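Notes for the structure review
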Amino acid sequence: MSPRVLTAVCGLLVAGGIPLQAEDNVLSSMTEAVQTVFQNARGAVVKIRADDKHGRCVGSGFFIDPNGTLYTTYAVAGESTNIIVESGDRKLTATRLLADPRSGIVLLKVDTSTPFLSIGKSADLAIASPVVTVGYPMDLPVTPTLGFIGGFDLKYLNRYFSTTHIRANVSVQRGESGAPLINTKGEVVGILISGLDGGSACYALPIEAAEKIRSDYVRYGGVRHGWIGITVSKSPEEHEGSVVLIDGLVDDTPAAQSGIRKGDTLLRIGHVAVAQPEDVLNGSFYLTSGEKTSVEVIRDGQHLTFSVSAAEHPNSESAESARAITQSDFGGTFNLTSGH
Amino acid sequence: MDDEFKELQTLLRLKKYEQPPQGFESYSERFLKEFHRRQRWEASRKTGFAALWESTAEWMENFTVPRYAYALTLAVFGAAALAINGLQPADRVETLAAGQSFAPVAVSAPRSALALNRPLDLSDLEVQSQLNLGNSATGGDVQPRYILDARPASYDASFSF
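Below you will find a few notes about this structure. (Residues numbered from 1 in each chain as written. Chains lettered and ligands numbered in written order. Predicted model: local features only at pLDDT ≥ 70, side-chain atom pairs only at ≥ 80, totals over all residues.)

Digging into the environment of Val134(A)
Residues and elements named next belong to chain A. Stated precisely, the cut-off is as follows: For the purposes of this entry, the term helix denotes a DSSP run of H or I that reaches at least four residues, the term strand denotes a run of E that reaches at least two, and both are numbered from the N terminus. Contact criterion: two residues are in contact if their C-beta atoms, reconstructed from the backbone, are within 7 Å.
The topology assignment puts Val134 in strand β8 (residues 130-135). Separated by 93 residues in the primary sequence, Val134 and Ala41 have C-alpha atoms spaced 7.4 Å apart. Apart from residues no more than four positions distant in its own chain, Val134 is found in contact with Phe38, Ala41, Arg42, Val45, Val142, Pro144, Ala179, Pro180 and Ile182.

Next up, the structure:
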């Protein structure tokens, strides 16, 4: 064999091995990243036991500050009693600070110093971003699960959530309700709220939505869902990317007194941009009664911004008065208020 | 006739002094031994059931039953079958009447049943799921219910803005 042929053969062998080498590197670096996230998070993730009307229930939760404040879900601790938090070998009695069925989360407190997870930004996530859940499936020890962001959904099977939820292609099991959804930096970006399609994927509440609830509690001692009193419908014409037409203002509401008019095209509520009628759900979730928020509209081609002081949401006291609306309701002229 | 008789007498006299050939006794003894050996070998090959069956069949061959006995046996079996069938429904009714646990199942079923006279609603599936979880929790006194909802608690959003 001539030296040239030998060199060519060696070159081909080396070139063929490079992709395999790169694949190994990707896998090993991913494994290392997941192990790091898990090792840093496992101490802050707890198992929660409680009694409700069906008997003893078990879920997961996680600390978010060193003073023993933790998040879990309404399904685990929203209406239950005798709430016990298991952290390592310790079993601590927890106090429920607040329970919010609208977001589906509960804030608990134990009287001890605790490790905690730092809060990240779910807005930085994109589809296919890797995420890790760390929870307690069934009666098993704390377990990490790797997955990827599948989407950001405001509705599922033609029904709507109270705000956009993170859909993660992470395999979850019973007992993991309330587990944190963690990014590759080890920051919590969501709270695992429900399984999807038998547990092959899950929905997580964005951590910003949970933090809005916690912020209400810290400042006012309770949840204060806001309301400005507008009704919207889908406009046949698009203005600056929005088809959301304000088609009514409820009497004696902040919106009616702010200068917003019927016929304005809605562009933004607070920090949430509005393009479709469903987006108003998302924007209104972050309203806090008693606080001012900016509402941006287009009127006769002009951009106008109004400062509106939100009132208490009419459904704050009675969840039964809320009603579900299907996508067919957005036919173009549907009034989105529920008649309060 | 007398001639034939005389010839026969002569032959018998000759047979009286006839001797078996040399070694005939040992041959007959071997034959007898061989016969017994084979008999034992065949007996050892048979299972207990086969041996019992053979002896029973042998006994039955010698046992004669009158024909009316067969008819009588058939009649007795027929009467017994009729009696059993006649008593069975009465027993079942009594069990159902006494068993209180059957009634609540029938009453509570429509709440979670998937009715065919209306469109399927997701809440039907939810109730079913919760009932299953509840059953599993109450199945054992110490078995807890591991929580993972099938849909978010906030699924029915309020549309008041």
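A few points about the pairing of strand β2 (residues 55-63) of chain A
The test is simple: In this scheme the burial state of a residue depends on its C-beta neighbours within 10 Å: 20 or more other such atoms mean buried, 12 or fewer mean exposed, and anything in between means partly exposed; the C-beta positions come from the backbone. Pairing between strands requires that DSSP locate at least two bridges from one strand to the other.
Where burial is concerned, most of β2(A) is hidden: 7 out of the 9 residues are buried. Across 8 bridges, the pairing between strand β1 (residues 45-52) of chain A and β2(A) is antiparallel. Looking at β2(A), one finds that Arg49(A) is bridged to Val58(A). Judged from the 2 bridges that link them, β2(A) and strand β1 (residues 145-146) of chain B form a sheet pairing that is parallel. From the neighbouring strand, Val58(A) faces β1(B), where its bridge partner is Tyr146(B). Inspection of the sheet shows β2(A) paired to strand β3 (residues 69-73) of chain A by 2 bridges, in the antiparallel sense. Considered in β3(A), the bridge of Phe63(A) is made with Leu70(A). The antiparallel hairpin formed by β2(A) and β3(A) contains 5 residues in its connecting segment, where Gly68(A) sits at a positive phi of about 90°.

Looking at the environment of Gly248(A)
Here Gly248(A) shows up in strand β16 (residues 242-249). Sequence-wise, Gly248(A) and Gly229(A) are 19 residues apart; in three dimensions their C-alpha atoms are separated by 8.6 Å.

Describing helix α2 (residues 24-45) of chain B
Each turn of an α-helix holds 3.6 residues, which means side chains three or four residues apart point in the same direction. Selection criterion: Here a helix's expected span is defined as the number of its residues, less one, multiplied by 1.5 Å.
The end-to-end C-alpha separation of α2(B) is 32 Å, in line with the 32 Å expected for 22 residues at 1.5 Å each. Counting buried residues along α2(B), only 0 of its 22 residues qualify, which leaves the element largely exposed.

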